[in-house]
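Each chain is listed here by its residues.
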Amino acid sequence: PCSGHFEPGQLVAIMGPSGCGKSTLLDMLAMKKTSPYSGEVFVNGHARDPVLFRRIAAYVGQEYHMPAHWKVREALEFNANLKRQPNDRGSSRKNVRDFIDNLLEAFGLSSVADTYIGGAQVRGISGGQRRRVTLARGVAAQASILFCDEPTSGLSATDAELCVKALRVIAKRLNVLVLVVIHQPRKEVARLFDTLVLLTSNPGRMAYCGPMAQASSYMGACGYPIPDQTNPTDLYLDLLTPGAEFDASDALVAAFTQRQKPDIDLVVKEAGTVIGHTTKGMLMAARELQGLEGKGVRFGAYAAPFYVQLRTLLSRKVRITLRNPGAIGMQILMPMITGVVVGTIFQGIGKIDFGIPQVLFIFILLTILSLQSLPLMPALIEERTFMKHETSERLYMESAHILATMLVTVPLSLIGAASQTLIIYAFAGLPSEFLPTILGWTLLLFFMFDALFQFVAAVAPDGEQAMTMATPWLVVFMLFNGVVVTKATAPIFLHWVFEISPTSYALQAIVLRMTESSGGENNFYVKSMGFQSGQDMQGIAVILCMTILLRLMHVLALRFLNNIQK
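The structure presented is a predicted model; accordingly, all values stated were derived computationally and were not measured.

**Student:** Can you walk me through the packing of helix α15 (residues 356–370) against helix α21 (residues 502–517) in this structure?
**Tutor:** The interhelical angle for the contact between α15 and α21, taken along N-to-C directions, is 145°, at an axis separation of 10 Å. Pair α15 / α21 crosses with right-handed handedness. Between α15 and α21, the contacting residues are Q358, V359, I362, F363 and L366 on the first element and T503, A506, L507, I510, V511 and M514 on the second. Each residue belonging to the contact of α15 with α21 can be placed in one class, and the counts come to nine nonpolar, two polar and no charged.

**Student:** How do you make sense of helix α1 (residues 22–29) when you look at a structure like this?
**Tutor:** Every α-helix carries 3.6 residues per turn, so stepping three or four residues along brings you back to the same face. What α1 keeps buried is the set K22, S23, L25, L26 and D27. Trailing α1 by a residue or two, M31 shows a phi angle of about 60°, which is positive.

**Student:** Explain the sheet that holds strand β7 (residues 195–200) here, please?
**Tutor:** Through backbone hydrogen bonds, the strands of a sheet pair up, either in parallel or in antiparallel fashion. The strand order β4-β5-β6-β1-β7-β8 describes an open sheet built from six strands, whose pairing is mixed. Because the sheet does not close on itself, it has two edges, and the strands there are β4 (57–60) and β8 (205–211). Across the sheet, the mean angle separating the axes of adjacent strands is 15° when strand polarity is ignored. Contacts from helix α5 (residues 127–140) reach β4 and β5 (145–149), with the element oriented near 170° to β4.

**Student:** Is there a simple way to think about the packing of aromatic side chains in this case?
**Tutor:** To describe a pair of aromatic rings, you give the distance between the ring centres and the angle between the ring planes. Scanning all chains against the criterion turns up 10 aromatic pairs. Both rings, one in F78 and one in Y396, keep their centres 6.2 Å apart while their planes meet at 80°; by these two values the pair is edge-to-face. Of this pair, F78 sits in helix α3 (residues 72–83) while Y396 sits in the loop between α16 (377–392) and α17 (398–428); the two residues are 318 residues apart in sequence, bridging distant segments of the chain. Of the two residues examined, F78 and Y396, each falls in the buried class. Consider the rings of Y208 and Y218, whose centres lie 5.0 Å apart with planes at 50°: the pair is tilted. In this pair, Y208 is assigned in strand β8 and Y218 in helix α8 (residues 215–221), connecting sequence segments 10 residues apart. Within the aromatic cluster, the residues linked to one another by ring pairs are F449, F453, W473 and F477. Its end group placed over the ring of F53, R48 keeps NZ or CZ at 5.5 Å from the ring centre. It is R559 that lies over the ring of F560; its NZ or CZ is 5.1 Å from the centre.

**Student:** When you look at the pattern of salt bridges in this model, what are you seeing that I'm missing?
**Tutor:** Two side chains bearing opposite charge may form a pair once their charged atoms approach each other closely. Within this structure, the stated rule accounts for 18 salt bridges. In this structure, E398 engages R559 in a salt bridge whose closest nitrogen and oxygen atoms are separated by 4.0 Å. Pair noted here: E398 is in helix α17 and R559 is in helix α23 (residues 536–560), with a separation of 161 residues, a long-range link. On the basis of relative accessible area, R559 is assigned to the partly exposed category, the value being 38%. In this structure, a network of salt bridges that share partners links the residues E161, K165, R186 and E188.

**Student:** Would you mind showing me how to read a nonpolar patch on the surface here?
**Tutor:** Among the surface-exposed residues, L333, M334, M336, I337, V341 and I345 lie close enough to one another that they form a single nonpolar patch of about 570 Å² accessible area. Tracing the chain through its elements places M336 in helix α14 (residues 325–345). The exposure class assigned to M336 is partly exposed, which follows from its relative accessible area of 31%.

**Student:** Quick question: what am I supposed to make of the pairing of β7 here?
**Tutor:** The two faces of the sheet receive side chains in turn, since in a regular strand these alternate between them. Of all the six residues making up β7, six are buried; the element is thus mostly covered by neighbouring parts of the structure. With burial as the criterion, each face of β7 is covered, one bearing T195, V197 and L199 and the other bearing L196, L198 and T200. Two strands pair when backbone bridges link them, and strand β1 (residues 11–15) and β7 are joined in this way by four bridges, in the parallel orientation. Its bridge partner lying in β7, I14 is registered against V197. Here β7 runs beside β8; their pairing, made up of six bridges, is antiparallel. Along β8, the bridge assignment pairs L199 with M206. Counting the residues that bridge the hairpin from β7 to β8 gives four residues, and of these N202 lies at a positive phi of roughly 55°.

Rules used throughout
- Position numbers for residues start from 1 in each chain and track the written sequence from start to end.
- Two thresholds apply to this predicted model, a pLDDT of at least 70 for residue-level local features and 80 or more for giving and counting side-chain atom pairs, whereas whole-chain, interface and lining totals are computed over all residues.
- Side-chain numbers here rest on the full set of heavy atoms in the structure, without hydrogens or water.
- Geometry is summarised by axes, namely lines fitted to C-alpha atoms with helices restricted to the contacting stretch, and by angles between N-to-C directions that run from 0 to 180 degrees.
- In this text, helices come from DSSP runs of H or I with a minimum length of four residues, and strands from runs of E with a minimum of two, each type numbered from the N-terminal end.
- The handedness criterion is simple: a crossing whose near helix is rotated anticlockwise from the far helix by less than a right angle is left-handed, and one whose near helix is rotated clockwise is right-handed.
- Whether two residues touch is decided by their heavy atoms; if any such pair falls within 4.5 Å, the residues are in contact.
- Each residue is assigned to one of three groups, with Ala, Val, Leu, Ile, Met, Phe, Trp, Tyr, Cys and Pro labelled nonpolar, Asp, Glu, Lys and Arg labelled charged, and all others, Gly among them, labelled polar.
- Whether a residue is buried, partly exposed or exposed follows from its accessible area with a 1.4 Å probe, protein chains only, as a fraction of its type maximum: under 20%, in between, or over 50%, in that order.
- Paired strands, as defined in this entry, are two strands with at least two bridges between them according to DSSP.
- Pairing of aromatic side chains requires ring centres within 6.5 Å, counting the rings of Phe and Tyr and the six-membered ring of Trp. Pairs whose planes differ by under 30 degrees are stacked, by over 60 edge-to-face, and all others tilted.
- The rule for a charge over a ring is simple: NZ of Lys or CZ of Arg within 6 Å of the ring centre, and within 35 degrees of the ring normal.
- A side-chain nitrogen of Lys or Arg and a carboxyl oxygen of Asp or Glu constitute a salt bridge if their distance falls within 4 Å.
- Residues enter patches when they are more than 30% accessible in relative terms and free of salt bridges; like-charged ones are connected within 9 Å and nonpolar ones (Val, Leu, Ile, Met, Phe, Trp, Tyr) within 5 Å.
- With residues, only the protein chains shown are counted as cover, and all accessible areas are computed by Shrake-Rupley using a 1.4 Å probe.

These results come straight from atomic positions and should not be treated as a statement about function.
Following this line, the structure appears as structure tokens:
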């Protein structure tokens, strides 16, 4: 067990060898730890509020997860808009813009404010700048406490120094307590920190907790002087790594217990008697600093109401979709091209007598429409990753993300599906009397399979497993439709599958309508497929119920599955 006390405006470094529990300690303090642990955390002398704590704290993890087509300024505005109390006054909006400009300047991002974040396939800012954007987003939330887990990992020495300098500026200028897990910084970076917490491993124990400037003299007093021209943090890690050549971890832990722990326990005890603002009081004070009345503060888990969350998410979704030619091409252009290709293959099929060719044509059409949303699953899984990290910071609710995504992806996919159907229909040369039936059932089928694929994307850990999970559903529904497998040829114990197969109902309704128009001369073929008239309403009800059920399961899966584990 370990104790400590930190004041606002401090920049605190948590250091130690691998496996000492640096990130674990930070996760516990930040209320991010999902596995059981014991201990107490107090804020201003009050027990940490399990609901409101994340309203006053921000957490920046080791990895950054942001849309590639997002711009730097937009990323900061996103967090600022969702963590601030809503206000429509122009002066407040101007204050937000000024605040964002100051953050961009503090983190050295002003020159790339309107540049894409970028990614593996999108050119954007550098890795060091991207890491600074994640830190700036945490500060943009106007948190009183900022937790950073190894923000300099993987960066050059210069970029690492820029990151820590920016954090120091923010800590002092905004009076924010910043706790940083950092592995082994060079001495120029180490000097930027006010306080140092040193841990050792096997098991994790505290070996030092005090001012960074006094750490070297403390080590000397313990019998481990720091040689001149040596990076002190290098020696600290050498001394605290069990099994290393200069291992002195047990001795330093014993020295800490004797020299520092009594004083720290006394400081913690005295600090506990000084009662400051509660978390609610801190939120009210923050609103008053914005020039607003404190009585208008929202005391729920989210600073912004649902309509603000939805508006902000929808704005981001529309922007990154319009900037991504691949997204529009996949949902609109590719279906249209596919429609031209398939239409060319079946050109003029509607002008010959009704029979097997027309049935196979309808089967191919429904199959293509069923697969319309399948390619979107990898993109949905990537967006889910963004969502999981952002909702863990209580920026918005999962339902707002789902609704914003549906308001963009579903209309685009629907336009693609309708265009594809109309193109194929025009090439086929079918009579116009069949258009309402074919278009209605194909779009109904599209909505059901779109819900299915979005549900699978919410459940599956990654894109490969999503494809694997979706395949059985597609195979079953594609087989049990009266063409490949009929009720006459299917085993009796599998007849129930036809009752829930949306493809079977759609194919049955369209084929029976075309058979009726042809004068019923080919009823013997339709009967061999096991189709029965009078089941249209039943089919519509089944497909609608399946769509609604899948949407509900989609929401639950996004809420409870694939959560971040720490």
